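Structural overview for review
Next come the chains, spelled out residue by residue.
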Amino acid sequence: MDKKRVNIETKNIIFIITYSIVLAVALFNMNTTMSLLGWIIAILNPFLTGLVVAFIINIIMKYLENKAFRFLDKPKFKLWQKLKRPVCMLLSFLIILLAIAAVVLFVGPQLAQSIRLLSGNMPIYVSYLQNMTSTALGWFNLGVEDLGSFAISWNDIFNRVSSILADISPRVLNFATGFTSSLFNFFMGVIFAIYLLLGKEKLLYNVEITSKAVLSPKNFSNAKSIAAKANLIFTSFVVGQLTEAVILGVMYFIGTSIFRMPYAPLISTIMAVCSLIPMFGPIIGAIPSAFILLMVNPNLAIIFVIMAVVFQQIEGNFIYPKVVGDSVGLPGIWVLFSILVGGSLFGAIGMVLSVPFASLGYALIREFVYDRLKEKKEFED
């Protein structure tokens, strides 16, 4: 028995040493590590896309199977038992496509009208800015001749813009190539997601029996618990963020309509989409929305900023806790940290996904700490 215990401890020590060496090499060669990670992600991109699509579609599909069409789960509806999965999966895809189409058709005309208004009224805005500048100069008893050092050289601006366009032009082909590659990866990901959804029970069963064969009973139980917790956190996050986005979009549409602000559908949609990014989303959405209103009427822009602050308080104190729940709850400092790290590494997608990943890690660490305290009899329920 002692020999067996010594062997286990030796294996654990070897594992810890090996893990430490690999981690140290990875940290000291961060550029190479990130390049290798990017290469691996690029190869697995269609499969990762498929997993994300399957996860989102599965949320809707489970609701249709277990709630909407539950009344058909009877022995007399034998044909339904064979068609249930394909029909619910097809309806789930249609719901997503219809939602995207509705947003595009809803926002598209408003966005085009906003751009036309902005370009058409640009001379008025320039004149307004000049008058504002003259008024400001009058406050400080300055004349136009005192602005020599601040004068704008339109030739320099033109040359700089031309230089930027010259630099951008060769990248157009690369962008088109990258877009085509992304579109192909997304299409392959959708096909992979369909296969996952059609045979998810068999796939999960194979993963379970393989894990049982490879892992010890304790490690298998821990892995199963982590998987269940991850599924709960990510499901709560996706459903909660989408529900919150819809609620905020409706709130902004009602608020902008009450104050008769122009482009209420456009502004409410911008705020709803940006709210998918935790913490910084409302700020990101409020900047272009306030700018659009500023071009029309500065007073409306001020009212919108005040309304955005009020709605943000309502969202943070009432909507988010009720809709998302405690399962995705993180202390504010860790939410900020996870968003900054995720955004710096993976951009906007990293900002969105960093919160559920950080929530999972936080929940696992907290559970580990509480278990250790219980073992030491220093924690009471």
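For clarity, every value in this text was computed on a predicted model and none was experimentally measured.

In a pair of packed helices, the angle between the axes and the distance between the axes together describe the arrangement. Put simply, helix α8 (residues 217-258) and helix α9 (residues 264-274) touch, their axes get as near as 8 Å, and they point 150° apart. In this view, α8 runs roughly antiparallel relative to α9, as classed from their interaxial angle. For the pair α8 and α9, the sense of crossing is right-handed. Every residue of α9 that contacts α8 at Ala245, Gly249, Tyr252, Phe253, Thr256 and Ser257 is listed here: Ala264, Pro265, Ile267, Ser268, Met271 and Ala272. Grouping the amino acids of the contact of α8 with α9 by side-chain chemistry returns eight nonpolar, four polar and no charged.

Our next topic: empty space enclosed by the protein. Gaps between atoms show up when a probe of the same size as a water molecule is rolled over them. Summed over the entire model, instances satisfying the criterion amount to one cavity of 30 Å³ or more. Leu248, Tyr252, Met271, Ser275, Pro282, Phe311 and Gln312 together form the lining of the largest cavity. Of all elements in the fold, only α8 and α11 (298-323) reach the threshold of two or more residues within the lining of the largest cavity. Here the lining of the largest cavity is composed, by residue class, of five nonpolar, two polar and no charged.

The end-to-end C-alpha distance of helix α2 (residues 30-68), which contains 39 residues, comes to just 49 Å, noticeably less than the 57 Å that a straight helix rising 1.5 Å per residue would cover. A bend of about 65° at Leu44 is the largest found in α2, and the proline Pro46 appears one to four places after it.

Reading the values: the criteria
Residues numbered from 1 in each chain as written. Predicted model: local features only at pLDDT ≥ 70, side-chain atom pairs only at ≥ 80, totals over all residues. Heavy atoms only, no water. Axes fitted to C-alpha atoms, helices over the stretch in contact; angles between N-to-C directions. Helix = DSSP H or I, 4+ residues; strand = E, 2+ residues; numbered from the N terminus. Parallel < 35°, antiparallel > 145°, perpendicular 65-115°, else oblique. Left-handed = near helix turned anticlockwise from the far one by under 90°. Contact = heavy atoms within 4.5 Å. Nonpolar A, V, L, I, M, F, W, Y, C, P; charged D, E, K, R; others polar. 1 Å grid on protein atoms, 1.4 Å probe; cavity = no way out; pocket = protein on both sides within 12 Å on 5 of 7 lines; lining within 4 Å. Points joined across faces, edges and corners; volume = space filled by probe spheres on them. Expected span 1.5 Å × (residues − 1). Bend = angle between axes of the 7 residues up to and from the residue.

Read these as layout, nothing more, since geometry by itself doesn't imply function.
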